[in-house]
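# Coordinate inspection notes
Okay, here's what each chain looks like letter by letter:
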Amino acid sequence: MVIMCPFMSESPVSSVKKHSALAPNPGWRKKAYGLAAVFMMGGLITPNVQAQSTRATVGAYCQQLQETIDQKESLRLAGLNGNAAAQQKYQTLIQQHGEALRVCRSRTWPQNQALWIRLYPCDLKPGVLDNVMDRIVNRGYNQVYVEVFYNGQVLLPKSANPTPWPSVVRTPGTEKLDLFAEALKKGRERGLKVYAWMFTLNFGYTYAQRSDRQQALARNGKGQFTLSITDEAGLKPTLTELTSEEAFIDPYHPQARADYYQMVQSILQRRPDGVLFDYVRYPKGSGTSSIASHVYDLWIYSIASQQALFNRALNNKGVELIRRYLTRGYITTGDVVAVDKQFPGEGEPLWEGRTPTGSRLPSASQRQPMLQQELWFLSAAHAVQGVLDFLTIAASLVRQQGLPAGAVFFPEGNQAIGQGFDSRLQAWDRFPTWMEWHPMSYGICGNTSCIASQVQRVLGLAGRGVQIKPVLAGVWGESISNRPALEAQMEAVRRVAPQVNSISHFAYSWQEPQSDRDRKFCKL
């Protein structure tokens, strides 16, 4: 069952904290190649591709062989030390590796294999970004999703940052250095497609602290902002826990919209190969708060959102009942009687999506339960529609540039639960069908069955022609945190969804934990 929104139309994952302890077993490559022989029998890699891969110095899953990895790294280091001949050979080799990867991926399932990554200021040091992109190519990825907006900061140079968020790179003397532009350049030199990956409704702590942006923050019926209900949480197997950085905005607020769309346009000026929108939802609470079952649980109490909800009324009776329902969380028979007396010239209270009961008006006591239930569904649908409109406008900016836009979501984020809904209210089945859909298939059950079922659920609800690109979490060659190895997860997806030809893996920090730690904590 999914969230139903009576007035919705198509018009106007979560990134999580990286786990520094998830270091893969040093024997990951040996294990991966051993499993390749098994999967070749099932058609995952065809014999012709394997022969081509051998000639092109790549192995199973289009991963570079250790011998060529060592050669490339030696040339990179020599070039950094001033050896011009080595630098030239290095440049030639990365182009050869890019071409070998292109050929291998064109004949190996999946044709597109992407990796999610967060960049750090130290990536601007000479040779560091080269090394990062080399590692991505070495593991057989031909796409990389670079995080450009997260935790209240943006990957724009300080001298060209018109947004209300601080730049990721803020070290004195680096004001004009454009880390995202460098990532685009370095990635493309190696044949990688480089997407921009950004948070959506989660604007971050820095935004929430601005005195001139308080009205743009999401607020529930208890008067709370999202920051006031979240606690710092370590990475758990569900990958969904809230952190103190999660400050969500009201998607109906014009200031929030203006700020975000300006940021999107600034990112688009760098011409990425696509843009992915994450956090296209409201926060996920814990315990009973993970279910929105009362209007007070909905993040629709900021001034802009309330006014937009009042505007959905089609007569005065509708406005007044909506107002009373939002204020108290329920309506009584007395409210129905009072509204009838206040506007005697009107028939039934009306709002978008509501069908009148007929010419004969039932008594107030008969109408009260029905009206209260309809007001609940109206309020939930209103919350969902704000997210959809916010996403669609942002994604349309990308589409206007002729670039692909995608949305990241949880397959279970759109469920009805009892009398309520999953608190994320992530109605992804209503996302524009012209967008890429990236379901975060992070199910944990000790095997791949729950992961496969998540992908199947998305395929079952998606319209014809929608590009489904599952996101998997794990590492190569071994099970970790009760997650099967990536090879097993991918084979499970292939069995239930052979039509899928694009898969991404979360994340670089899991695949290369030492590299990620070194880059994260060094000083520029």
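Residues numbered from 1 in each chain as written. Predicted model: local features only at pLDDT ≥ 70, side-chain atom pairs only at ≥ 80, totals over all residues. Heavy atoms only, no water.

The next subject is the overall build of the protein chain. The number of helices and strands found in the protein chain is 16 helices and 13 strands. Looking at the 524 residues of the protein chain, the share that counts as buried comes to 58%. About 20500 Å² of surface is accessible on the protein chain, with carbon and sulfur atoms providing 51% of the total. (Helix = DSSP H or I, 4+ residues; strand = E, 2+ residues; numbered from the N terminus. Buried < 20%, exposed > 50% of the residue type's maximum accessible area, 1.4 Å probe, protein only. Areas by Shrake-Rupley, 256 points an atom, 1.4 Å probe, with all protein chains shown as cover.)

Another aspect to go through is the state of the cysteines. The final tally for this structure, using the stated rule, is three disulfides. Here Cys122 is linked by a disulfide to Cys522, with a sulfur-sulfur distance of 1.7 Å. Here Cys122 is found in the loop between strand E1 (112-117) and helix H5 (128-138), whereas its partner Cys522 is found in the segment after helix H16 (513-521), with 400 residues between them in sequence. The class of Cys122 is buried, set by a relative accessible area of 2%. Cys522 sits in the partly exposed class, given a relative accessible area of 28%. What pairs with Cys445 in a disulfide is Cys450, and their sulfur atoms sit 2.3 Å apart. Its S-S torsion of approximately -95 degrees makes the covalent link between Cys445 and Cys450 left-handed. Taking relative accessible area as the criterion, Cys445 reaches 35% and is therefore assigned partly exposed. (Disulfide = S-S within 2.5 Å.)

Working definition: two side chains of opposite charge can pair if their charged atoms are close together. Overall, the coordinates contain 31 salt bridges when judged by the stated rule. Note that Glu99 is salt-bridged to Arg102, the shortest N-O span being 2.5 Å. Pair noted here: Glu99 and Arg102 are both in helix H4 (residues 84-107), with a separation of three residues, about one helical turn. Residue Glu99 is classed as partly exposed on the basis of its relative accessible area of 38%. With a shortest N-O distance of 2.6 Å, Asp123 and Arg519 are connected by a salt bridge. (Salt bridge = Lys/Arg side-chain N within 4 Å of Asp/Glu carboxyl O.)

A separate point is helix H10 (residues 316-328). Over its 13 residues, H10 runs 19 Å from end to end, which matches the ideal 18 Å to within 8%, given 1.5 Å per residue. For H10, the set of buried residues is Lys317, Gly318, Glu320, Leu321, Ile322, Tyr325 and Leu326. One or two residues past the end of H10 sits Gly329, with phi positive at roughly 90 degrees. (Expected span 1.5 Å × (residues − 1).)

All right, on to the packing of helix H8 (residues 254-268) against helix H12 (residues 364-400) then. In a pair of packed helices, the angle between the axes and the distance between the axes together describe the arrangement. Across the interface, H8 lies against H12 with an axial gap of 10 Å and an inter-helix angle of 25 degrees. Comparing the axis directions of H8 and H12 gives the class roughly parallel. Regarding H8 and H12, the two cross each other, and that crossing is right-handed. Each of Ala256, Arg257, Tyr260, Tyr261, Val264, Gln265 and Leu268 in H8 lies in contact with H12, whose residues at this interface are Asp389, Phe390, Ile393, Ala394, Leu397 and Val398. (Axes fitted to C-alpha atoms, helices over the stretch in contact; angles between N-to-C directions. Parallel < 35°, antiparallel > 145°, perpendicular 65-115°, else oblique. Left-handed = near helix turned anticlockwise from the far one by under 90°. Contact = heavy atoms within 4.5 Å.)

For H12, spanning 37 residues, the distance from its first C-alpha to its last is 51 Å, which sits close to the expected 54 Å at 1.5 Å a residue. One or two positions beyond H12, positive phi appears at Gly402, with a value near 75 degrees.

At a minimum axis separation of 8 Å, helix H11 (residues 333-342) and H12 run at an interaxial angle of 110 degrees. By the criterion of interaxial angle, the relationship of H11 to H12 is roughly perpendicular. Residues Thr333, Val336, Val337 and Asp340 of H11 pack against Ala364, Ser365, Arg367, Gln368 and Leu371 of H12. A per-class count over the contact of H11 with H12 returns four nonpolar, three polar and two charged. (Nonpolar A, V, L, I, M, F, W, Y, C, P; charged D, E, K, R; others polar.)

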